[in-house]
Amino acid sequence: MMKFSDKTLAVLKNFASINSGVVFRPGKIQKTMDANKQILVEATLDDDFPAEFGIYDLNNFLGNVTSLKNPDLDFTKEHVIMKEGDFTLTYLACSPNLIITPPNKELVLKSVDVKFDLSNANFSRLLKVANMNTLTHISLVGENGSLLLKVYDPANDTSNHGASRLGDYAGNDFKVTFKTENLKLLPDDYEVQLQIGTFAQFVNKDGNLKYFVSQEAK
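An account of the accompanying structure is given in this report. Remember, it's a predicted structure, so these values are computed and weren't measured experimentally.

Most of strand S13 (residues 190-194) sits inside the fold, with four of its five residues counted as buried. Where strand S8 (residues 114-118) lies against S13, five bridges are found, and the strand directions are antiparallel. Paired with Leu118 across the two strands is Tyr190, which belongs to S13. When S13 meets strand S14 (residues 199-204), the two strands line up antiparallel, connected through five bridges. By the bridge assignment for S14, Glu191 is matched with Val203. What sits between S13 and S14 in their antiparallel hairpin is a turn of four residues, with Gly197 showing a positive phi close to 95°.

Taking strand neighbours across the sheet as the criterion, the four strands line up as S11-S10-S9-S12 in an open arrangement whose pairing is antiparallel. Unpaired on one side and paired on the other, strand S11 (162-168) and strand S12 (174-179) mark the two borders of the sheet. Adjacent strand axes in the sheet meet at a mean angle of 15° when their direction is disregarded.

Moving on, we come to the packing of helix H1 (residues 6-18) against helix H2 (residues 58-67). For any two helices packed against each other, one specifies the inter-axial angle together with the distance between the axes. The contact between H1 and H2 brings their axes to 9 Å, and the two run at 150°. One element, H1, and the other, H2, form an angle in the roughly antiparallel class. The element H1 and its partner H2 pack so that their crossing is left-handed. Counted together, Leu9, Leu12, Lys13, Phe15 and Ala16 of H1 and Leu58, Asn59, Leu62 and Val65 of H2 form the full contact between these two elements. Considered class by class, the residues forming the contact of H1 with H2 number seven nonpolar, one polar and one charged.

Our next topic: the packing of aromatic side chains. In this structure the tally under the stated criterion is eleven aromatic pairs. Their ring planes at 45° and their centres at 6.5 Å tell us that Phe61 and Phe75 sit as a pair that is tilted. Pair noted here: Phe61 is in helix H2 and Phe75 is in strand S5 (residues 72-75), with a separation of 14 residues, a long-range link. As far as burial versus exposure is concerned, Phe61 and Phe75 are alike and both buried. When the centroid spacing of 6.0 Å and the interplanar angle of 75° are considered together, the rings of Tyr190 and Tyr211 count as edge-to-face. A residue pair is termed long-range when its members are at least 10 positions apart, and Tyr190 in strand S13 and Tyr211 in strand S15 (residues 209-214) qualify at 21 residues. Given the relative accessible area of 4%, Tyr190 is considered buried. Since its relative accessible area comes to 0%, Tyr211 is described here as buried. Three or more aromatic residues joined by ring pairs form one cluster here, namely Phe4, Phe24, Phe49, Phe53, Phe61, Phe75 and Tyr91.

Moving on: unusual backbone geometry. In terms of backbone geometry, most residues other than glycine have negative phi values and most peptide bonds are trans. Phi at Lys37 takes a positive value of approximately 60°, unusual for a residue other than glycine. By the element assignment, Lys37 lies in the loop between strand S2 (27-33) and strand S3 (39-49). A relative accessible area of 56% places Lys37 in the exposed class. In the Ramachandran plot, Thr134 falls in the positive-phi region, its phi being about 55° despite a non-glycine side chain. The residue Thr134 is located in the loop between helix H3 (120-132) and strand S9 (137-143) in this model.

Right, let's get into the side chain of Thr177. By the element assignment, Thr177 lies in strand S12. Reaching out from Thr177, the side chain makes a polar contact with the side chain of Ser139 at a distance of 2.7 Å. Ignoring anything within four residues of it in the chain, the contact list for Thr177 reads His137, Ile138, Ser139, Tyr152, Gln215 and Glu216.

Each value, and the rule that gives it
Residues numbered from 1 in each chain as written. Predicted model: local features only at pLDDT ≥ 70, side-chain atom pairs only at ≥ 80, totals over all residues. Heavy atoms only, no water. Buried < 20%, exposed > 50% of the residue type's maximum accessible area, 1.4 Å probe, protein only. Helix = DSSP H or I, 4+ residues; strand = E, 2+ residues; numbered from the N terminus. Pairing = 2+ DSSP bridges. Axes fitted to C-alpha atoms, helices over the stretch in contact; angles between N-to-C directions. Parallel < 35°, antiparallel > 145°, perpendicular 65-115°, else oblique. Left-handed = near helix turned anticlockwise from the far one by under 90°. Contact = heavy atoms within 4.5 Å. Nonpolar A, V, L, I, M, F, W, Y, C, P; charged D, E, K, R; others polar. Phe/Tyr/Trp six-rings, centres within 6.5 Å; stacked < 30°, edge-to-face > 60°. Polar contact = N/O pair within 3.5 Å; in protein donor to acceptor, adjacent residues only side chain to side chain.

This is the structure:
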């Protein structure tokens, strides 16, 4: 029997924004991946899952949990019993084969070309501007001694655009680009490591959230 902590609920809501389904594995470490295999998330949760359990519609599942005001949860492979006082809901599992899931192997960067810290305040401001102005892409750029994050729409030369200076940069000039819609990070401060041409890894300050986000092709 278990209850979801507020932190677990926040992470699972984030999972649902990336993939509508999820397969929980036994233990505290849970992963999800989007349908296009552009985003992979690994989270170490407060709560320990006792069994493998597939959920086809994670938003629906979480809606039931929150509607019952954080019920007791009893997982088996076939169903989870949600109990609040004298009310019991039996929520059925789905086959894991129906859900796109991450590979079992650990995803790691083969090399780290750029490393920097990204504050929640800085990134949240950037995303807010991007959403307000419908800016579809975010680029990390190293040029002229500075490391910059730029938001813009490459398909529209007349669109608004913005840039945030992250700090000094002494390496070779580079530019890597991400779709704004793929940067679905929970609000937090992150350490970012970049392998140019492949993925960026975002790890939060507590080390319990790890995102891998694919870079856009040139």
